[in-house]
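Below, each chain spelled out in residue letters.
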Amino acid sequence: ENEIAIPPIASFESPELYYSVYLHELIHWTGTKSRMHRECFACYHNSKAARAEEELIAELGSAFLSAQLGLSPPLDTNVAYLQGWLKALKNDKRYLFKAAAAAQRACDYLWSLQPKSTTLAA
């Protein structure tokens, strides 16, 4: 719950891909009961729909944070991943917007953890 474990940066095709994966996992980290308590995170292992929801939130959050940090991960990876989860959620046309809002809340939560003197370079 308090650790993020991913392979070393050297095992990725590029530093951008490493950070994309790291940020994806960081968004998952926000979902725990002690942080944002996302219901889909809590049900991740018991429900395919909850897993799809949480994965979509994590991937959108990773894309949002990458953009905010000026990173350019390979877009084809994000797009393929997102399309797969959207297919799993095709019955709810509003779901993408709900997931995007949840992803943005997770990003805002992470930014709120930064010291007040930290600013994002434009």
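Structure: above.
Let me sum up the structure you'll find in this document. Counting restarts for each chain, with residues numbered from 1 along the sequence as it is written. Totals for whole chains, interfaces and linings use every residue, but because this is a predicted model, local features are given only for residues with pLDDT of at least 70 and side-chain atom pairs only at 80 or more, for both listing and counting. Computation of side-chain values covers all heavy atoms of the structure but excludes hydrogens and water.

### Regarding the packing of helix α1 (residues 15-30) against helix α3 (residues 48-69)
- The convention used is that axes are lines fitted to C-alpha atoms, helices contributing only their stretch in contact, and that angles between N-to-C directions extend from 0 to 180 degrees. Put simply, DSSP H or I for four residues or longer makes a helix, DSSP E for two residues or longer makes a strand, and each gets a number counted from the N terminus. Contact geometry of α1 with α3 gives a least axis separation of 8 Å together with a crossing angle of 125°. Relative to α3, α1 is oriented oblique. For the pair α1 and α3, the crossing hand works out as right-handed. Of the residues in α3, those touching α1 at S20, L23, H24, I27 and H28 are E54, E55, I57, A58, E59, G61, S62, L65, S66 and L69.
- We call Asp, Glu, Lys and Arg charged. Ala, Val, Leu, Ile, Met, Phe, Trp, Tyr, Cys and Pro are nonpolar, and the rest, Gly among them, are polar. Residue classes in the contact of α1 with α3 are distributed as 6 nonpolar, 6 polar and 3 charged. The cut-offs work like this: below 35 degrees is roughly parallel, past 145 is roughly antiparallel, 65 to 115 is roughly perpendicular, and the gaps in between are oblique. Helix crossings get a hand from a simple test, with the near helix turned counterclockwise from the far one by less than a right angle marking a left-handed crossing and a clockwise turn marking a right-handed one. In what follows, a contact means two residues having at least one pair of non-hydrogen atoms within 4.5 Å.

### Section: the environment of A50
- As for its position among the elements, A50 is in helix α3.
- For A50 and E39, which are 11 residues apart along the polypeptide, the C-alpha to C-alpha distance reads 7.9 Å.
- Discounting residues that sit within four places of it in the chain, A50 has contacts with C40, C43 and Y44.

### Points about the pattern of salt bridges
- Here, a salt bridge means any Lys or Arg side-chain nitrogen found within 4 Å of an Asp or Glu carboxyl oxygen. Under the defined criterion, the tally for this structure stands at 1 salt bridge.
- Between E54 and R38 there is a salt bridge; the shortest N-O distance is 2.8 Å. Placement of the pair is E54 in helix α3 and R38 in the loop between α1 and α2 (39-42), with a sequence separation of 16 residues. Just as E54 is buried, R38 falls in that class too. Type-normalised accessible area, obtained with a 1.4 Å probe on protein chains alone, sets the label of each residue: buried when under 20%, exposed when over 50%, and partly exposed for intermediate values.

### Observations regarding the packing of aromatic side chains
- Any two of the Phe, Tyr and Trp rings considered here, Trp counted by its six-membered ring, make a pair once their centres fall within 6.5 Å; the pair's planes then place it as stacked at under 30 degrees, edge-to-face at over 60, or tilted in between. Per the counting criterion, the structure on display carries 3 aromatic pairs.
- Ring centres of Y18 and Y19 lie 5.0 Å apart, and the angle between their planes is 80°; this geometry places the pair in the edge-to-face category.
- When its relative accessible area of 37% is taken as the criterion, Y19 is described as partly exposed.
- By way of ring pairs, the aromatic residues F12, Y18, Y19 and Y22 are connected into one cluster.

In short, shape yes, function no, at least from these values alone.
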